[in-house]
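A structural walkthrough
If you want the building blocks of each chain, they are given just below.
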Amino acid sequence: SDDASREILHSSYNLTSTLAAVIHCHSSTPGEPLVLQVLQKLTYNTRTFQFTNYIHELISFLLTNIQSQNEDIIMPCLGVMANLCRDNPSVQCHIKSMDNVRQFYRTLINFLAHNSLTVVIFTLSILASLTLNEKLFDAKNIHQTFQLVFNIIVNGDGTLTRKYSVDLLVDLLKNSKIADYLTRYQHFSACLSQVLGLLRSKDPDSAATVRQRSFTSKQTCTDTMLCPELLSWVEFVPQTDFSSVGSFLYWSSVLLQVLELLLAMCRIGGLRSQLCDVVFRPAGPKLRAAGHRQGSGADGGRKPECGLALVQWLSSPVEGAEKCLLQTLQLLNELLEV
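Residues numbered from 1 in each chain as written. Predicted model: local features only at pLDDT ≥ 70, side-chain atom pairs only at ≥ 80, totals over all residues. Heavy atoms only, no water.

If you check an unreviewed UniProt entry, the protein appears there as CIP2A N-terminal domain-containing protein from Goodea atripinnis.

Quick look at the structure:
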């Protein structure tokens, strides 16, 4: 799962081609998705060229099975396809030239209403790679896309979903037109507050509880719109507490993902000042009053401002989280230079 091991297996041992060949040999009976799951981990954040052995056969297999009714392999197929398409013009051109690409696009659009947030974010990632300049990401629809991505970052089905969500938004911000749209997005501060709320959650169970309150099983992710009125569900999550190694590692991973997104936003002039305002904004009178009801003292039970939450992470155990702490320092340095 680490970058160095993945690069060795991908480049030195040519494992991507080997697994693609295995999938091709058993394409008529795909069966268990184990090989696809390994291939998804292997191809994440690595460049796979279209002249790689069996890559065309792999892409054809993915397109066919993404449009199938086999729920067991649809998700890993979408994950592998998202990896192959990301920042890869040669693979993108090959897919766009295929005869059944329009039907493939229609299938992807339907997946945006899927009840799995992981399926939705894989789908959005593929669409962003293949159709960035088309209708889904134009001025009319981009705000709804922002709402959807922020919702998945906050309410995602674990670190994998959040990782792909952050990657997608970071990639979108590389497009100057979309970055400008985000600077004018009216709910940006509210969405950012929810993302920063992840830094102040206590453990995975707390996050699951938060998710359950804001996203019921009867809703699809397109039904849940992030707006100021929904901020109440993050107002009193307990402060960060690393009571176990597993909890610390989980939230270190979450913090890395959030920091990557925040650092990308710092590079956008119109977002940097808004980000600074939200991170260092003190709790308002309403939050103080509510905190008074739930804890002892005038500010009992209220959460610290986001800037203080970042400082709390700096005082956490360092072993195994050096990159996390360095990125926290980098972010604070960027923000304090505004």
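Some points on unusual backbone geometry
Positive phi outside glycine occurs at Asn-45, with the angle close to 60 degrees. Residue placement: Asn-45 occurs in the loop between helix H3 (34–43) and helix H4 (55–66). Residue Asn-45 is classed as exposed on the basis of its relative accessible area of 52%. (Helix = DSSP H or I, 4+ residues; strand = E, 2+ residues; numbered from the N terminus. Buried < 20%, exposed > 50% of the residue type's maximum accessible area, 1.4 Å probe, protein only.)

Focus: the environment of Phe-122
Among the secondary structure elements, Phe-122 is positioned in helix H8 (residues 117–131). Note: C-alpha distance between Phe-122 and Asn-83 (39 residues apart in sequence) is 9.0 Å. Those residues within four positions of Phe-122 in sequence are excluded, and the remaining contacts are Gln-40, Met-75, Leu-78, Gly-79, Ala-82, Leu-160 and Tyr-164. (Contact = heavy atoms within 4.5 Å.)

Concerning the packing of helix H9 (residues 142–155) against helix H12 (residues 188–197)
The packing of two helices is summarised by the inter-axis angle and the distance between the axes. Between H9 and H12, whose axes approach to 9 Å, the crossing angle comes to 20 degrees. As summarised for this structure, H9 and H12 are arranged roughly parallel, according to the angle between their axes. Where H9 crosses over H12, the two elements pack in a sense that is left-handed. Contact with H9, carried on its side by Phe-150, Ile-153 and Val-154, involves Phe-188, Cys-191, Gln-194 and Val-195 of H12 and no other residues of that element. Partitioning the contact of H9 with H12 into residue classes produces six nonpolar, one polar and no charged. (Axes fitted to C-alpha atoms, helices over the stretch in contact; angles between N-to-C directions. Parallel < 35°, antiparallel > 145°, perpendicular 65-115°, else oblique. Left-handed = near helix turned anticlockwise from the far one by under 90°. Nonpolar A, V, L, I, M, F, W, Y, C, P; charged D, E, K, R; others polar.)

A short note on the side chain of Thr-43
In this fold, Thr-43 is placed in helix H3. Since its relative accessible area comes to 1%, Thr-43 is described here as buried. A distance of 2.8 Å separates a polar atom in the side chain of Thr-43 from the backbone oxygen of Leu-39. Once you skip the residues sitting within four places of it in the chain, Thr-43 turns out to touch Thr-16, Thr-48, Asn-83 and Leu-84. (Polar contact = N/O pair within 3.5 Å; in protein donor to acceptor, adjacent residues only side chain to side chain.)

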